[in-house]
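# Inside the fold
One letter stands for each residue in the lines below.
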Amino acid sequence: MSRFGEFSGKATISRLALASVVGNVLIVGTGGAVRLTKSGLGCPTWPRCTEESYTTTPEMGLHGVIEFGNRLLTFALAAIVIAGVVAAWRQRPRRRSLRLLSVVAAFGIPAQAMIGGLTVLTNLNPWVVGLHFLASMAVIAAAYAFWRRTLEPDGPARPTVPGPLRTLAWLTAGATALVLVVGTWVTGSGPHSGDSGAARNGLDPETVSQVHADVVFLLLGLSVALWFALRAVSAPAAARRAAGLLLLAELGQGLIGFVQYFTGLPVVLVGAHMLGSCLVWLAALAVLWGTRTRTAGPAVDAGSPRPPAAAPPGPERTPASADSPLVSTTPGS
């Protein structure tokens, strides 16, 4: 196979898409490290690191190195995403949906970088910092959709579970998103602001933490109901497995959350809780994909060469036999 074919092959695109998912999760972790080490203003401006330099300087110390390192990781992630876009556009036969998803996932990277720059320019405004995290969740969802599409044919999607259970899966995903949103409110009210001089959102930490816990219990209830319902209807193994993994991820995340709350929010546990949020979100997305499938369908668009149409079959002919009244056995007739 040529290098062109190797780069645009299905396996290559799938690996690049999966690398994009992993990279987006990792950059959430490094972004958390920036905040938890109070390096959020290690580079006090954006897009430069200082007014005179795009890179950190020795005078900025460790905080500058941490913040600048996180910015550099964005370029590494952008390279992976761009490679995925190129591979998707070179694939033959052409897949319009795959191209679209690759572009959506790619555009999330500069959009996220600009929101990150806005957090610096607003001196780590807690509401903007929360938006930065939620934008990461949106980019992770786009990258996940791109990756899953590389593993599917192009036919129409159809549910693999009854309609009410599909609705329950969507409600569970919606509750997961709500937990993430309220979680940013808790973070914005707490002590880990990213810089000693950064403002807080003014919400009462105890009250908003209770709201967050209430929403988490709602999510757990929906997830337990979904898991039992999928088993009751003998849903496909993929759906039951995805629901089980979601429940395990939620229980693990809840345990970390309670321990960090009652131990004074230690940095290590807060960082683990951030990464756990990504895993719970991915597990919720996996439930949505696990409750539907795609059947094989046409994988070409208007720009791809199409095979010539087969000629319509002619009238069926039955071979004549000696016993047929249409065949005369009289010589000369």
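Residues numbered from 1 in each chain as written. Predicted model: local features only at pLDDT ≥ 70, side-chain atom pairs only at ≥ 80, totals over all residues. Heavy atoms only, no water.

### Details of the side chain of Arg-71
By the element assignment, Arg-71 lies in helix α3 (residues 61–90). A distance of 3.5 Å separates the side chain of Arg-71 from the backbone oxygen of Pro-47, its partner in a polar contact. There is a polar contact of 3.1 Å between the side chain of Arg-71 and the backbone oxygen of Arg-48. (Helix = DSSP H or I, 4+ residues; strand = E, 2+ residues; numbered from the N terminus. Polar contact = N/O pair within 3.5 Å; in protein donor to acceptor, adjacent residues only side chain to side chain.)

### Things to note about the state of the cysteines
According to the stated counting rule, one finds one disulfide in the structure shown. Two residues share a disulfide in this structure: Cys-43 and Cys-49, whose sulfurs sit 1.9 Å from each other. With the S-S bond torsion at -65 degrees, the cross-link from Cys-43 to Cys-49 turns out left-handed. The burial state of Cys-43 is the same as that of Cys-49; both residues are buried. (Disulfide = S-S within 2.5 Å. Buried < 20%, exposed > 50% of the residue type's maximum accessible area, 1.4 Å probe, protein only.)

### Some words on the packing of helix α2 (residues 10–36) against α3
For the pair α2 and α3, the least separation of the axes is 9 Å and the interaxial angle reads 165 degrees. One finds that α2 runs roughly antiparallel with respect to α3. In this structure, α2 meets α3 at a crossing whose hand is left-handed. On α3, the residues touching Ile-13, Leu-16, Ala-19, Ser-20, Gly-23, Asn-24, Ile-27, Thr-30, Gly-31 and Val-34 of α2 are Ile-66, Glu-67, Asn-70, Leu-73, Thr-74, Leu-77, Ile-80, Val-81, Ala-83, Gly-84, Ala-87 and Ala-88. Class assignment of the residues belonging to the contact of α2 with α3 gives a composition of 13 nonpolar, eight polar and one charged. (Axes fitted to C-alpha atoms, helices over the stretch in contact; angles between N-to-C directions. Parallel < 35°, antiparallel > 145°, perpendicular 65-115°, else oblique. Left-handed = near helix turned anticlockwise from the far one by under 90°. Contact = heavy atoms within 4.5 Å. Nonpolar A, V, L, I, M, F, W, Y, C, P; charged D, E, K, R; others polar.)

### Focus on the environment of Val-104
By the element assignment, Val-104 lies in helix α4 (residues 96–121). For the pair Val-104 and Ala-142, spaced 38 residues apart in sequence, the C-alpha to C-alpha distance is 6.7 Å.

### Quick notes on the confidence of the model for the protein
When pLDDT is averaged across the protein, the result is 86; 86% of the residues are at 70 or more. Of the regions scoring below 50 in pLDDT, residues 316–333 engages in four contacts with residues more than four places distant in sequence or in other chains. (pLDDT = per-residue confidence, 0-100.)

### Some remarks on helix α8 (residues 237–262)
Compared with the 38 Å implied by 1.5 Å per residue over 26 residues, the 38 Å span of α8 between its first and last C-alpha is a close match. Those residues of α8 that are buried are in contact with α6 (163–189), α7 (205–232) and α9 (267–290). Phi turns positive one or two residues past the end of α8, at Gly-264, with a value near 80 degrees. (Expected span 1.5 Å × (residues − 1).)

### So, unusual backbone geometry
Leaving glycine aside, a negative phi is the common case for residues, and trans is the common case for peptide bonds. The step from Trp-46 to Pro-47 runs through a cis peptide bond, and the omega angle for that step is 5 degrees. Here Pro-47 lies in the loop between α2 and α3. Of note, the amide linkage connecting Arg-92 to Pro-93 takes the cis form, showing an omega dihedral of 0 degrees. Mapped onto the elements, Pro-93 comes out in the loop between α3 and α4. The backbone of Leu-124 sits at a positive phi, close to 65 degrees, despite the residue not being glycine. Position of Leu-124 among the secondary structure elements: in the loop between α4 and α5 (126–150). What makes Leu-124 buried here is its relative accessible area of 5%.

### Notes on the pattern of salt bridges
A complete count under the given rule lists six salt bridges for this structure. With its nearest N and O atoms 2.9 Å apart, the salt bridge here joins Arg-95 to Asp-154. Residue Arg-95 is located in the loop between α3 and α4, and its partner Asp-154 is located in the loop between α5 and β1 (157–159); the two are separated by 59 residues in the primary sequence. Owing to a relative accessible area of 8%, Arg-95 belongs among the buried residues under this scheme. Classification of Asp-154 by relative accessible area gives buried; the value is 17%. In this structure, the salt-bridge partner of Glu-152 is Arg-292, at a minimum N-O distance of 2.6 Å. Pair noted here: Glu-152 is in the loop between α5 and β1 and Arg-292 is in strand β2 (residues 292–294), with a separation of 140 residues, a long-range link. Accessibility classification places Glu-152 together with Arg-292 in one group, the buried group. (Salt bridge = Lys/Arg side-chain N within 4 Å of Asp/Glu carboxyl O.)

### A look at the packing of α4 against α5
Put simply, α4 and α5 touch, their axes get as near as 9 Å, and they point 165 degrees apart. Between α4 and α5, the interaxial angle falls into the category roughly antiparallel. In the packing of α4 onto α5, the handedness of the crossing is left-handed.

### Describing the nonpolar core
One finds Met-137, Ile-140, Tyr-144 and Leu-230 to be the most contacted residues of the largest nonpolar core, which totals 51 residues. Looking at this core, the elements with two or more residues in it are α2, α3, α5, α6, α7, α8 and α9. When residues in this core are grouped by element, the largest group, 12 residues, is from α9. The residues contacting Tyr-144, other than those within four sequence positions of it, are Val-21, Leu-282, Leu-285, Ala-286 and Trp-289. Grouped together as the second largest cluster of nonpolar side chains are seven residues, Leu-77, Val-85, Ala-106 and Val-139 included. (Core = buried A, V, L, I, M, F, W, Y, C linked by side-chain atoms within 4.5 Å.)

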